[in-house]
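Listed below, chain by chain, are the residues.
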Amino acid sequence: MTDLLLAGIGQLVTNRGEPLRNAAIAIEGETITYVGNEADAPAVGNGIFIHCEGAAVLPGFVDSHTHLIFAGDRSDEFSRRLAGESYRQIASDGGGILSTVAATRAASEEHLFGLAATRAWRMIRSGTTTIEIKSGYGLDLETELRLLRVARRLGDDLPITVRTTFLGAHSIPPEYRNDRSGYIDLVVERMLPEVAALADYCDVFVEEGVFGIDEARRVFSSAAGFGLGARVHAEQLSRFGGARLAAEIGASSADHLDHATPDDARAMASAGTSAVLVPGASYTLRSTQAPGPMFLDAGCNVALATDCNPGTSYFEAMGAIISLAVVQMGLSVDQAIDAATRGGAVSLGLDDRGVVESGARADLIVLDAPTVAHIPYRPATNLVATVISGGVVIR
Ligand code: NIG
Ligand code: FE
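These notes cover the structure that comes with them.

Conventions we followed
- Chains are numbered independently. Their residues run from 1 in the order of the written sequence.
- To read the labels, note that chains go from A and ligands from 1, taken in the order they are written.
- Two thresholds apply to this predicted model, a pLDDT of at least 70 for residue-level local features and 80 or more for giving and counting side-chain atom pairs, whereas whole-chain, interface and lining totals are computed over all residues.
- The basis for every side-chain value is the complete set of non-hydrogen atoms in the structure, without hydrogens or water.
- Put simply, DSSP marks the helices as runs of H or I at least four residues long and the strands as runs of E at least two long, and each gets a number from the N terminus on.
- The classification of residues rests on relative accessible area computed with a 1.4 Å probe and restricted to protein chains. Under 20% of the type maximum is buried, over 50% is exposed, and intermediate values are partly exposed.
- Two residues form a contact once any of their heavy atoms are found within 4.5 Å.
- Using a 1 Å grid laid over the protein atoms alone, points where a 1.4 Å probe fits but cannot get out form a cavity; open sets with protein on both sides within 12 Å along at least 5 of 7 lines form a pocket; any residue with an atom within 4 Å of a point counts as lining.
- Grid points are joined across faces, edges and corners, and a volume is the space filled by probe spheres set on the points.
- Here the nonpolar group is Ala, Val, Leu, Ile, Met, Phe, Trp, Tyr, Cys and Pro; Asp, Glu, Lys and Arg are the charged ones; every other residue, Gly included, is treated as polar.
- Between any two strands, pairing holds if DSSP finds at least two bridges.
- Here the axes come from fitting lines to C-alpha atoms, over the contacting stretch only for helices, and the angles between their N-to-C directions go from 0 to 180 degrees.
- We call a set of buried residues a nonpolar core when its members are Ala, Val, Leu, Ile, Met, Phe, Trp, Tyr or Cys and they connect through side-chain atoms within 4.5 Å of each other.
- Any residue with a heavy atom positioned within 4 Å of a molecule or strand is treated as near that molecule or strand.
- Here a polar contact is recorded for every N or O atom pair within 3.5 Å, except that within protein the pair must consist of a potential hydrogen donor and a potential acceptor, and residues adjacent in sequence are included only if both atoms are side-chain atoms.
- Note on areas: Shrake-Rupley with a 1.4 Å probe; residue coverage comes only from the protein chains shown.
- Between rings of Phe, Tyr and Trp, where Trp is taken as its six-membered ring, a pair exists when centres lie within 6.5 Å; planes separated by under 30 degrees are stacked, by over 60 edge-to-face, and by other angles tilted.
- Counted as over-ring charges are cases with an Arg CZ or a Lys NZ within 6 Å of the ring centre that also lie within 35 degrees of the ring normal.

## Remarks on the side chain of Arg146
Phase 1 of the analysis: Along the chain, Arg146 falls in helix H5 (residues 141-157).
Phase 2 of the analysis: For Arg146, a relative accessible area of 8% corresponds to the buried category.
Phase 3 of the analysis: Setting aside chain neighbours within four positions, we find Arg146 in contact with Thr104, Arg105, Ala107, Ser108, Glu109 and Leu112.

Written out as structure tokens, the structure reads:
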């Protein structure tokens, strides 16, 4: 029996070949049971009927890289950068990641949940139905656990899917300033055994002056022993070797990649490592965009994500990210929509979504526009009219 029928779809992006016109989608429970011509769609019976009046429909956005849970405010740093200071200068001045760490350590679990849930609801209203959430603003055992509990609770209490990532190796905390190896020991020996039950993945910020290749290798190999997959902050501020490391260890993804080379892309493609591109960070830092087309040419799975964080990319809406990917990175509209949906799902190992076909999870967006090109074309307007997650209309 059909629980929900969408008809009158002017353009249906399935990520399985050309878009369909005059299409319909039937849903039973959480699952899509019919995709095709409106005339052949099953009867809706007592289910819910939505007529889309010629609007475009696409899969729900999969935001595969966020730092969603944090306290404090860093708008002052944004202004300082506009006045000419660099991200690294501000960080070495006590700002940057460590200023968010101080505010986050001081915040209660309830307060952090409230802040993050408010951000997550803005994401949902912008069409996101799956979110990856990293820790990394605790940098001590107690606060890292608090962040991952909040992330799990967001998945339990909100009508979306959440995947969690432990990013204990995001920065060296102030109390270990003079003892790098002591901090890596803490991450590997004390944190990983305790956080593993709350995390799906482990991430390391691999960068000149942050964490080196051998330090990262040690963290990832220990994380693998606890069953955590790898996601890697790689080649964001310089070319440093994080992408090659990601390929070498068979990471699920390497992320950012602004300074990656064709060799990096080829190594990632052979290893099955997704390229998760975050154009909001490059935009905010006014730095070069990652070479998106290069990763597609090399045969990588490409995902687009917000990187939502208070320092480099306070973006919540995937529509704006798609616009940056098209206008500044050189992806086509079709490539960018695919990367923001199917590509993100692949990077997270979620093969039940990101496409519209019979048997897929019913995560869908109905736009207030006739084609998906309106998303990048009108970047400052939220064109999302209806959001369906697991067959339920959540907005
Ligand atoms: O993805 N690169 C490292 N981490 C974040 C920035 C974190 C911050 O500045 O608070 C990023 O850009
Ligand atoms: Fe990031």
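## Observations concerning empty space enclosed by the protein
Phase 1 of the analysis: Taken as a whole and assessed by the stated rule, the structure comprises 2 cavities of 30 Å³ or more.
Phase 2 of the analysis: In this model, the largest cavity occupies a volume close to 100 Å³.
Phase 3 of the analysis: Lining the largest cavity are 14 residues, with His67, Tyr87, His170, Asn309 and Thr312 sitting closest to its centre.
Phase 4 of the analysis: Its residues assigned to classes, the lining of the largest cavity shows 4 nonpolar, 8 polar and 2 charged.
Phase 5 of the analysis: Roughly 30 Å³ of internal volume is contained in the second largest cavity.
Phase 6 of the analysis: As for the second largest cavity, its lining consists of Pro59, Gly60, Val62, Thr129, Thr130, Arg353, Gly354, Arg361 and Asp363.
Phase 7 of the analysis: Its residues assigned to classes, the lining of the second largest cavity shows 2 nonpolar, 4 polar and 3 charged.

## Some details on the sheet that holds strand S2 (residues 11-12)
Phase 1 of the analysis: Taken together, 5 strands build an open sheet; the order of strands is S2-S6-S15-S16-S17 and the sheet is mixed. Of all strands in the sheet, those with a lone pairing partner are S2 and strand S17 (392-393), marking the two edges.
Phase 2 of the analysis: Looking at chain direction, S2 and strand S6 (residues 56-59) are connected through 2 bridges and run parallel. If you follow Leu12 over to S6, its bridge partner there is Val57.

## Focus on the pairing of strand S13 (residues 274-277)
Phase 1 of the analysis: Neither face of S13 is exposed, since Ser274 and Val276 on one face and Ala275 and Leu277 on the opposite face are all buried.
Phase 2 of the analysis: Bridging between strand S12 (residues 253-256) and S13 involves 3 bridges; their strand directions are parallel. Paired with Ala254 across the strands is Ala275, a residue of S13.

## Some remarks on the sheet that holds strand S1 (residues 4-9)
Phase 1 of the analysis: Taken in spatial order, the 4 strands of this open sheet run S4-S3-S1-S5, and their pairing is mixed. The open sheet has two edge strands, strand S4 (31-37) and strand S5 (48-51), and neither has a second partner. Sheet twist, expressed as the average angle between the axes of neighbouring strands with direction ignored, equals 15 degrees.
Phase 2 of the analysis: Pairing geometry for S1 and strand S3 (residues 23-28), over 4 bridges, is antiparallel. The partner of Leu6 across the bridge, within S3, is Ile25.

## Quick look at the nonpolar core
Phase 1 of the analysis: Membership of the largest hydrophobic core comes to 102 residues, with the highest contact counts inside it found for Ile69, Leu154, Leu257, Phe295, Leu304 and Leu367.
Phase 2 of the analysis: Beyond its immediate stretch of four places on either side in the chain, Leu257 contacts Ala234, Glu235, Ala243, Met268, Ala275, Val276, Leu277, Ala290, Pro291 and Phe295.
Phase 3 of the analysis: Within the second largest apolar cluster, 19 residues are counted, among which are Leu12, Ile25, Ile32 and Val57.

## Regarding the site of ligand 1
Phase 1 of the analysis: Close to ligand 1 lie 14 residues; Arg74, Tyr87, Tyr137, Gln236 and Thr312 are nearest.
Phase 2 of the analysis: Separating an oxygen atom of ligand 1 from a side-chain N or O atom of His67 is a distance of 3.2 Å.
Phase 3 of the analysis: Interatomic distance of 2.6 Å between a side-chain N/O atom of Tyr137 and an oxygen atom of ligand 1.
Phase 4 of the analysis: Contact with the protein chains removes 100% of the 330 Å² of surface that ligand 1 exposes when unbound.

## What to know about unusual backbone geometry
Phase 1 of the analysis: You will see that His256, though not glycine, has its phi angle at about 80 degrees, which is positive.
Phase 2 of the analysis: Looking at the element boundaries, His256 is found in strand S12.
Phase 3 of the analysis: His256 gets classed as buried once you look at its relative accessible area, which sits at 1%.
Phase 4 of the analysis: Of note in this structure, Arg286 is not a glycine but carries a positive phi near 50 degrees.
Phase 5 of the analysis: Relative to the helices and strands, Arg286 is located in the loop between helix H10 (279-284) and helix H11 (292-298).
Phase 6 of the analysis: For Arg286, a relative accessible area of 59% gives the class exposed.

## Here we look at the packing of aromatic side chains
Phase 1 of the analysis: Applying the stated rule across the entire model yields 4 aromatic pairs.
Phase 2 of the analysis: Taking 5.8 Å as the distance between ring centres and 75 degrees as the angle between the ring planes, the aromatic pair formed by Tyr283 and Phe315 counts as edge-to-face. Taken together, the positions of Tyr283 in helix H10 and Phe315 in the loop between strand S14 (302-304) and helix H12 (318-327) put the pair 32 residues apart, joining distant regions of the chain.
Phase 3 of the analysis: Phe315 gets classed as buried once you look at its relative accessible area, which sits at 16%.
Phase 4 of the analysis: Of the aromatic side chains, those joined through ring pairs into one cluster are Phe70, Tyr137 and Tyr314.
Phase 5 of the analysis: Seen from the ring of Phe70, Arg119 lies directly overhead, with NZ or CZ sitting 3.6 Å from the centre.

## Quick word on the layout of surface pockets
Rolling a probe over the atoms, with the probe sized like a water molecule, indicates the empty space that remains.
Phase 1 of the analysis: Estimates place the volume of the largest pocket at around 540 Å³.
Phase 2 of the analysis: Together, 23 residues line the largest pocket, and Ala91, Ser92, Leu98, Ser171 and Gly209 are the ones closest to its centre.
Phase 3 of the analysis: Elements represented by at least two residues in the lining of the largest pocket include exactly helix H2 (87-92) and helix H3 (97-105).
Phase 4 of the analysis: Per-element accounting of the lining of the largest pocket gives the leading share, 4 residues, to H2.

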